[in-house]
Amino acid sequence: MRLILLGPPGAGKGTQSARIVERLGVPQLSTGDMLRAAVAAGTPIGLKAKDVMASGGLVSDEIVVGIVADRIEEADARKGFILDGFPRTVPQARALDTMLREKNLQLDAVIELKVDENALVERIATRVADTLARGEPVRKDDNPEAFKTRLVAYREQTAPLSEYYAQKGLLRVLDGMQPIDEVTAAIARILQTEAA
Ligand code: AMP
């Protein structure tokens, strides 16, 4: 199963991906996690990505596409994967199409979590509070200024992907404002249909 989870920051992509991982046994490929690891390790990619990530902007398509191309070559991704946070631009979506075509692979579905933007700010505040309560460091881009930039990036560069995948007949839209378990159940129903 090859899935994409689409949705603005704070929509629940990470939470739902983790649940799908358990269900399907395929890895979650989060470009945000991979980039944060590169920043933490101080790799050349991390050094390039660090400031733009902290400000809430998007890392270049070239860097992100390169990371994903390498990652889907790994053994655990052979059976499938859940892409969380990628693609985020139409050029990234096109690059993904090319990568998959070259491997004779196809996407099964693109699931968009639709959420009310006003609720997102509150969700991010909750994420920060939960992280602090666990004694973990807070993400540098989970602050009001960077969050605003992330939302603008989503609206301007990522939202057009809904139309891109709708035209391919792959888009499934879910109400991401429902309780977490209900969103998970709705995703499970989509996966069942796709697997049938
Ligand atoms: P995320 O964890 O998905 O919210 O991503 C955190 C940050 O990493 C984003 O705000 C971007 O700066 C960067 N990032 C993650 N995925 C991508 C992507 N597909 N394209 C460009 N930048 C990305």
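Keep in mind that what you see is a predicted model, and the values were worked out from it rather than measured.

About the cut-offs
- Residues numbered from 1 in each chain as written.
- Predicted model: local features only at pLDDT ≥ 70, side-chain atom pairs only at ≥ 80, totals over all residues.
- Heavy atoms only, no water.
- 1 Å grid on protein atoms, 1.4 Å probe; cavity = no way out; pocket = protein on both sides within 12 Å on 5 of 7 lines; lining within 4 Å.
- Points joined across faces, edges and corners; volume = space filled by probe spheres on them.
- Helix = DSSP H or I, 4+ residues; strand = E, 2+ residues; numbered from the N terminus.
- Nonpolar A, V, L, I, M, F, W, Y, C, P; charged D, E, K, R; others polar.
- Near = heavy atom within 4 Å.
- Polar contact = N/O pair within 3.5 Å; in protein donor to acceptor, adjacent residues only side chain to side chain.
- Areas by Shrake-Rupley, 256 points an atom, 1.4 Å probe, with all protein chains shown as cover.
- Core = buried A, V, L, I, M, F, W, Y, C linked by side-chain atoms within 4.5 Å.
- Buried < 20%, exposed > 50% of the residue type's maximum accessible area, 1.4 Å probe, protein only.
- Contact = heavy atoms within 4.5 Å.

Asks: Residue-level account of the layout of surface pockets, with values.
Replies: Reported here for the second largest pocket is a volume of approximately 230 Å³. Lining the second largest pocket, in full, are Arg36, Val39, Ala40, Lys50, Met53, Ala54, Arg139, Lys140 and Asp141. Mapped by element, the contributors of at least two residues to the lining of the second largest pocket are helix 2 (31–41) and helix 3 (44–55). Looking at the lining of the second largest pocket, its residues break down into four nonpolar, no polar and five charged.

Asks: Describe the site of the ligand, with residues and values.
Replies: Not every one of the 16 residues close to the ligand is listed here, only the nearest: Thr31, Arg36, Gly57, Gly85 and Gln92. For the ligand, a nitrogen atom lies 2.9 Å from a polar atom in the backbone of Gly85. With respect to the ligand, the side chain of Gln92 contributes an N or O atom lying 2.9 Å from a nitrogen atom. Out of a free accessible area of 480 Å², the ligand has 96% covered by protein chains. Broken down by element, the residue count for the shell around the ligand peaks at four residues, all from helix 2. The residue makeup of the shell around the ligand, split by class, is six nonpolar, five polar and five charged.

Asks: Account for the nonpolar core, naming residues and giving values.
Replies: Core analysis: the largest hydrophobic core is formed by 31 residues, its most contacted members being Ile4, Leu35, Leu83, Leu96 and Tyr165. Those elements giving two or more residues to this core turn out to be strand 1 (2–6), helix 2, helix 3, helix 4 (61–71), strand 3 (81–84), helix 5 (90–102) and helix 8 (160–167). The residues touching Leu83, leaving out its near neighbours within four places in the chain, are Leu3, Ile4, Leu5, Leu29, Val68 and Leu96. Core analysis: the next-biggest nonpolar cluster, separate from the first, contains 21 residues, Leu3, Leu5, Val115 and Ala186 among them.

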